[in-house]
Amino acid sequence: MLTNTKHAGYFLYHSIGMYPGKEEDLASAMSEFAEIWSAPNDRQWGYVLLKRQDFVDYWRRIINVPKGSATTCESVTEGLHKVMRALPEGMLKGKRVLIAADCFPSLHFLLTGLAPKMGFTLHTVPLSEGRPWVEPEDYLAAWGRDVGLALITWVTSTASARVDLGPLVAHGREMGSLIGVDITQAAGLIPFDAQNPKVDFVLSTSLKWMCGTPGAGILYIDKPLAQTWEPEGRGWFSQNNPFSWDLDRFEFAPDIRRFDGGTPGSMAAIASLPALRWHAGQDHAELTRWNRKLSARIIARADALDLPLHSPRDAERRGGSIMLRFPDKAEAAAAVGALGVEGYSVDFRGQLMRLSPGVVTREETIDTVFDIVGETLARRSRRFAGRGAARAAAGDPAQILGQFAALLLSGKVRIVDCTAPLGPDTPILRLPKDIAVDTPKVEIHRISEYDGDGPFWAWNWLKLGEHSGTHFDAPHHWLSGKDFPDGFTDTLDVQRLVAPVNVIDCSREATEDPDFLLTAEHVKAWEREHGEINPGEWVVMRTDWDKRSHDEELFLNADPDPHEDGSHSPGPSTDCMDYLLSKGIVGWGSQCIGTDAGMAGKFSPPYPAHNYLHRDNCFGLASLTNLDQLPPKGALLIPAPLKIANGTGSPIRALALVPVG
């Protein structure tokens, strides 16, 4: 079996696809295109259209369809739209269009919008009871003679469940329905023949197991049908002779070319050609055998960790992917993040982790992957306060607290104030005006001061935002944390707030580079010097940025370009947050205006500290001060937010307890 040690831990075939030498092949193809397209002659179009036809011909062989029945499309959604809008007028009016609930959602979105325009009823067959996929018998039970069109998902993207097309197509023929199949999730791995059983149209892309590029979709329509349908979109390439310019004598080409419209986009097809050539030269039975062997190993290791299988256990009822169900989304995200930090390419959707072993995946990496997953889950099971019994101090708690109080009174434990003053001069985050409303500046208004409004007392009323000054971010602050019932400032578990703090000193790097990013490798190096970050602890990034807080412009450090959204301030990288959350931290803190780097809006995904922390039901701290007075380890942090009803955050008085001597 072909392997590539550089990508031995690659499991993302369901998303992109990989084969040995892909980068070099793609670079060569794009270089060739650049050379020809940039040449000072008129040979470009002949080259481009020939390459596009090569792409179509490779696909024709993959799905076994005749010349003149397949063409390119940008995506399966666009391909389906072309089909639907080419159907004879009124063909579906008063009829049902049948689709399964585990279809590719984009196709469902399209059909939902077309239903009122075309007069059909969209019938979505629900998931079978107790199953994460729609059983074929449930689909068949819903398929009556009033179904004008049935769209079958060959392999689901949500569970990798595969249907036996034979019985479904046979039933559809009896019902007199038009039958289409989306083969995207398994095309190139599991053999597919559009003629056996014979279907009316097929949709796919060249991503996933085909290892191609985005935008390189394929549409097949049975030739007799293609010759009678009239696409809504038409153009010069829809004709038999594209160079026929008579405005009053347009005539559709007698085959699939009538679906080509205007000048066809060809770049994606050209970029995908190397992958299709590679695929054509492979032993396809061996590709499938290798996938099945590795999939069996994945299932065995998942069983050992008691991770429920979200895909069919029977290989004959499955595509090439294995979906595993984690306790919740946060656990799946943390496991995948931990793997990514170590160079293993796996992904998750909600609480599902998805693994798709293919040609470059090495068998031995599976054990390493599940060792990391097991360690991550074990660490994170101890991340909530009260669950770290293995590290609990020996002795009577009352006696220990008494000794601690004595240390406080004796001055052997010092309290460091990590809080900035809160007032009209407090720097406030600025957001892009076209997408957000800014928090107002802090206002302090006098009610009375030993005067007629209150003769014996002085007090004020305040106007301020939840996220002003040194403040606390609760999970509900960010979209990714909106569903946690304990994610507000009045519902969170206060037992989690007081915890040991790890202070990572990046002050030198931040002085030299205001855009400095703390990475996972930086954190690992810090751990080798100072000790491991443990579950349930705080991690804060010392940058000494608080020394800028006297000047709002200096503190925010916005980019001077008025068209540039963002500022220049240090923060964590995406893989840093992945690594810290895999360690089971309670939260992350920064000395800057927010928990993310100033330019984090340009990261992929954007704002990883906010996005990942709150997805994990963890907390954020911003605008901390005096971190230079804290040791790397050994201090205790107390960042208590106000108990605001349904609060997404709160200004805080952050205090650190630091041993003296």
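First, a word on scope: everything that follows refers to the structure included in this document. (Residues numbered from 1 in each chain as written. Predicted model: local features only at pLDDT ≥ 70, side-chain atom pairs only at ≥ 80, totals over all residues. Heavy atoms only, no water.)

**Brief notes about the nonpolar core**
Phase 1 of the analysis: Core analysis: the biggest nonpolar cluster contains 55 residues, and Trp143 and Trp154 have the highest contact counts within it.
Phase 2 of the analysis: Secondary-structure elements contributing two or more residues to this core are α2 (44-63), β2 (96-100), β4 (147-153), α6 (165-175), β5 (178-182), β7 (217-221) and α8 (267-280).
Phase 3 of the analysis: When residues of this core are assigned to their parent elements, the largest contribution, six residues, is made by α8.
Phase 4 of the analysis: Counting 30 residues, the second-largest nonpolar core is a separate cluster that includes Val76, Val83, Phe120 and Phe259. (Core = buried A, V, L, I, M, F, W, Y, C linked by side-chain atoms within 4.5 Å. Buried < 20%, exposed > 50% of the residue type's maximum accessible area, 1.4 Å probe, protein only. Helix = DSSP H or I, 4+ residues; strand = E, 2+ residues; numbered from the N terminus.)

**Topic: α2**
Phase 1 of the analysis: For α2, built from 20 residues, the straight-helix expectation of 28 Å at 1.5 Å per residue is met to within 8% by its first-to-last C-alpha distance of 29 Å.
Phase 2 of the analysis: The secondary structure elements touched by the buried residues of α2 are α1 (22-37), β1 (70-73), β6 (201-205), β7 and α8.
Phase 3 of the analysis: Backbone geometry just downstream of α2 places Asn64 in the positive-phi region, at approximately 60°. (Expected span 1.5 Å × (residues − 1). Contact = heavy atoms within 4.5 Å.)

**What to know about the packing of aromatic side chains**
Phase 1 of the analysis: Tallied over the entire structure, the rule returns 17 aromatic pairs.
Phase 2 of the analysis: With 5.5 Å between their ring centres and 85° between their planes, Trp236 and Phe243 make a pair best called edge-to-face.
Phase 3 of the analysis: Between Phe472 and Phe619, the aromatic rings sit 5.0 Å apart at their centres with planes inclined by 40°, giving tilted as the arrangement. Note that Phe472 is positioned in strand β14 (residues 471-473) and Phe619 in strand β20 (residues 619-622), a separation of 147 residues in sequence. There is no split in this pair, since Phe472 and Phe619 are both buried.
Phase 4 of the analysis: The rings of Trp236, Phe237, Phe243 and Trp245 are connected pair by pair, giving a single aromatic cluster.
Phase 5 of the analysis: Between the NZ or CZ atom of Arg61 and the centre of the ring of Tyr58, over which it lies, the distance is 4.9 Å.
Phase 6 of the analysis: Geometry around Tyr612 places Arg615 over its ring, the cationic atom sitting 4.3 Å from the centre. (Phe/Tyr/Trp six-rings, centres within 6.5 Å; stacked < 30°, edge-to-face > 60°. Lys NZ or Arg CZ within 6 Å of the ring centre and 35° of its normal.)

**What to know about helix α10 (residues 329-341)**
Phase 1 of the analysis: Along its 13 residues, α10 runs 18 Å from first to last C-alpha, staying within 8% of the 18 Å computed at 1.5 Å per residue.
Phase 2 of the analysis: With respect to burial, α10 is a largely interior element, 11 of its 13 residues being buried.
Phase 3 of the analysis: Among the residues making up α10, those that are buried are Ala330, Glu331, Ala332, Ala333, Ala334, Ala335, Val336, Gly337, Ala338, Leu339 and Val341.
Phase 4 of the analysis: Next to the buried residues of α10 lie β9 (347-349), β10 (352-355), α11 (364-380), α14 (520-530), α16 (574-582) and α17 (608-615).
Phase 5 of the analysis: For α10, the N-terminal capping position is held by Asp328, with its side-chain oxygen 3.0 Å away from the main-chain nitrogen of Ala330.
Phase 6 of the analysis: Backbone geometry just downstream of α10 places Gly343 in the positive-phi region, at approximately 95°. (Polar contact = N/O pair within 3.5 Å; in protein donor to acceptor, adjacent residues only side chain to side chain.)

**Quick word on the packing of α1 against α2**
Phase 1 of the analysis: Running from amino to carboxyl end, α1 crosses α2 at an angle of 150°, the nearest separation of the two axes being 9 Å. In terms of orientation, α1 lies roughly antiparallel with respect to α2. When the axes of α1 and α2 are compared, the crossing they make is left-handed. Across the interface between the two elements, Ala29, Glu32, Phe33, Ile36 and Trp37 of α1 pack against Gln44, Trp45, Tyr47, Val48 and Lys51 of α2.
Phase 2 of the analysis: The residue makeup of the contact of α1 with α2, split by class, is seven nonpolar, one polar and two charged. (Axes fitted to C-alpha atoms, helices over the stretch in contact; angles between N-to-C directions. Parallel < 35°, antiparallel > 145°, perpendicular 65-115°, else oblique. Left-handed = near helix turned anticlockwise from the far one by under 90°. Nonpolar A, V, L, I, M, F, W, Y, C, P; charged D, E, K, R; others polar.)

**Points about the sheet that holds strand β8 (residues 322-325)**
Phase 1 of the analysis: In space, the three strands of this open sheet follow the order β8-β10-β9, with antiparallel pairing throughout. The sheet is open, and its two edges are formed by β8 and β9, each paired on a single side. Ignoring which end each strand starts from, the neighbouring axes of this sheet average 30° apart.
Phase 2 of the analysis: Bridge count between β8 and β10: four bridges; the pairing is antiparallel. Paired with Arg325 across the bridge in β10 is Leu352. (Pairing = 2+ DSSP bridges.)

Shape descriptors only; they carry no functional weight alone.
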